[in-house]
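# Residue-level structural notes
So you can see what is in the structure, the chains are spelled out below.
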Amino acid sequence: TTKNVVNIVEVSPRDGLQNEKGVIPVSVKAELVTRLGRAGVQIIEAGSFVSPKWVPQMAGTAEVLSQMERLQNVRYQVLVPNQKGLDAVTALLAEQPVSPPLTDEISIFTAATDAFTRANLNTTTAESLARLAPVARAALDHGLRVRGYVSVVIACPYSGQVDYIRVREVTKALLDMGCYEVSLGDTVGMGTPSQVSEMLDEVKKDVPVEKLAGHFHDTYGTAVANVLTALDHGVRTIDASVGGLGGCPYSPGATGNVATEDVLYALQGSQYHVAGNADGTIDLNKMVDIGWWISEQLGRESVSRVGRAIRSR
Ligand code: HMG
Ligand code: MG
């Protein structure tokens, strides 16, 4: 029987590290990306080109891209908030015209509520979409692929329960400006499977499910269940973070993304096959080791449930 292929977008170098208080050396960030590639991960968000005043931790992304090992069959993405971020990416690509390129894909982002967009991008959602459209256009003209994110698709830390109609509209707007895929973010990590299901039912009214990805933070422990719910709905791309690292600086108290190890484990023996470059998948044991290694670099233990269980057996 043919299995349903699931793609993992490994967001730990960006979402996983952006919220860290201590300065993480570029060499550690670059080694994280390198190790993820060697463990078979095919899509890696390597960092972001955002204002260092807003998110100091991501300041060294150009150096990370220059130092990390780049593999032919891995896609490296970077997150940009505006034209200035895109300009930094294209300048870097012109400065270092290597093959494979340092990055060939950007992600742009907005949110389903004005309050969150204000906190994250210092503007309203409508204005953010108006500003992002020419950025997406310019990126496409440069031959870069463009991915979109919608934050707070279930709950907003500032305005509470989110209107799923708004999620659908913002998702559609990002696709209309040329994003090949839109990742739906439960930024706060409060969503339950039934809420995720209801939200996806609404978004799917106007958006083909092949264009959607799921991005679940695990604050309330529902992230793996939400991943399975999204897969049930036909979503085939899941954002995950090794060691369960992460959190958004503008979502107080939110914890990391669903741990990649936990997703890999939960899908073992299922109708789903996780795509990857290590014998056709992602190597679970290597991911467990990476989760521990990076967590120890940050002075703590891995919070991946599977990572902890495998380490202690
Ligand atoms: P602003 O203050 O309104 O913008 O911030 P500005 O144009 O006035 O710029 C402020 C300063 O930043 C200026 O410097 C700019 O030059 C500089 P100054 O003149 O004061 O010296 N600047 C930049 N520097 C480097 N790269 C840039 C850049 N842009 C401006 N690209 C702005 C607006 C968009 C810049 C700011 O709000 C920002 O950087 N936001 C990014 C916030 C962020 O990174 N959030 C986390 C990522 S999103 C996320 O985690 C959610 C996600 O995981 C999904 C989910 O879980 O929901 C994706
Ligand atoms: Mg996130």
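Rules behind the numbers
Residues numbered from 1 in each chain as written. Chains lettered and ligands numbered in written order. Predicted model: local features only at pLDDT ≥ 70, side-chain atom pairs only at ≥ 80, totals over all residues. Heavy atoms only, no water. Buried < 20%, exposed > 50% of the residue type's maximum accessible area, 1.4 Å probe, protein only. Helix = DSSP H or I, 4+ residues; strand = E, 2+ residues; numbered from the N terminus. Contact = heavy atoms within 4.5 Å. Near = heavy atom within 4 Å. Polar contact = N/O pair within 3.5 Å; in protein donor to acceptor, adjacent residues only side chain to side chain. Areas by Shrake-Rupley, 256 points an atom, 1.4 Å probe, with all protein chains shown as cover. Donors = N, O, S within 2.8 Å, 3.2 Å for Na, K, Ca; no water.

## Remarks on helix α10 (residues 260-267)
Most of α10 sits out of view: six of its eight residues are buried. All of the buried residues in α10 are T260, E261, D262, V263, L264 and L267. Buried residues belonging to α10 abut β1 (4-10), α9 (223-232), β10 (237-240), β11 (272-274), α11 (284-297) and α12 (305-311). Backbone geometry just downstream of α10 places G269 in the positive-phi region, at approximately 70 degrees.

## Observations regarding the site of ligand 1
Surveying the vicinity of ligand 1 reveals 27 residues, the closest of which are K53, K84, N122, S151 and T187. The side chain of Q18 places a nitrogen or oxygen atom 2.7 Å from an oxygen atom of ligand 1. Between an oxygen atom of ligand 1 and a side-chain N or O atom of H215, the distance comes to 2.9 Å. Relative to its unbound accessible surface of 1,100 Å², ligand 1 loses 75% to contact with the protein.

## Examining the coordination of the magnesium ion (ligand 2)
Protein-derived ligands of the magnesium ion (ligand 2) are D15 (OD), H215 (NE2) and H217 (NE2), with the metal-ligand distances lying across 2.0 to 2.3 Å. Considered as a linear motif, the donors of the magnesium ion (ligand 2) on their single chain read D-x199-H-x1-H. Residue D15 is located in helix α1 (residues 12-16), and its partner H215 is located in strand β9 (residues 212-216); the two are separated by 200 residues in the primary sequence. We note that D15, like H215, is buried.

## Some remarks on unusual backbone geometry
Note that the residue after S99, namely P100, is joined by a cis bond; omega there is -5 degrees. Considering the arrangement of structural elements, one finds P100 in the loop between α4 (83-95) and β4 (105-111). One non-glycine residue, D279, adopts positive backbone phi at about 50 degrees. Within the fold, D279 resides in the loop between β11 and α11.

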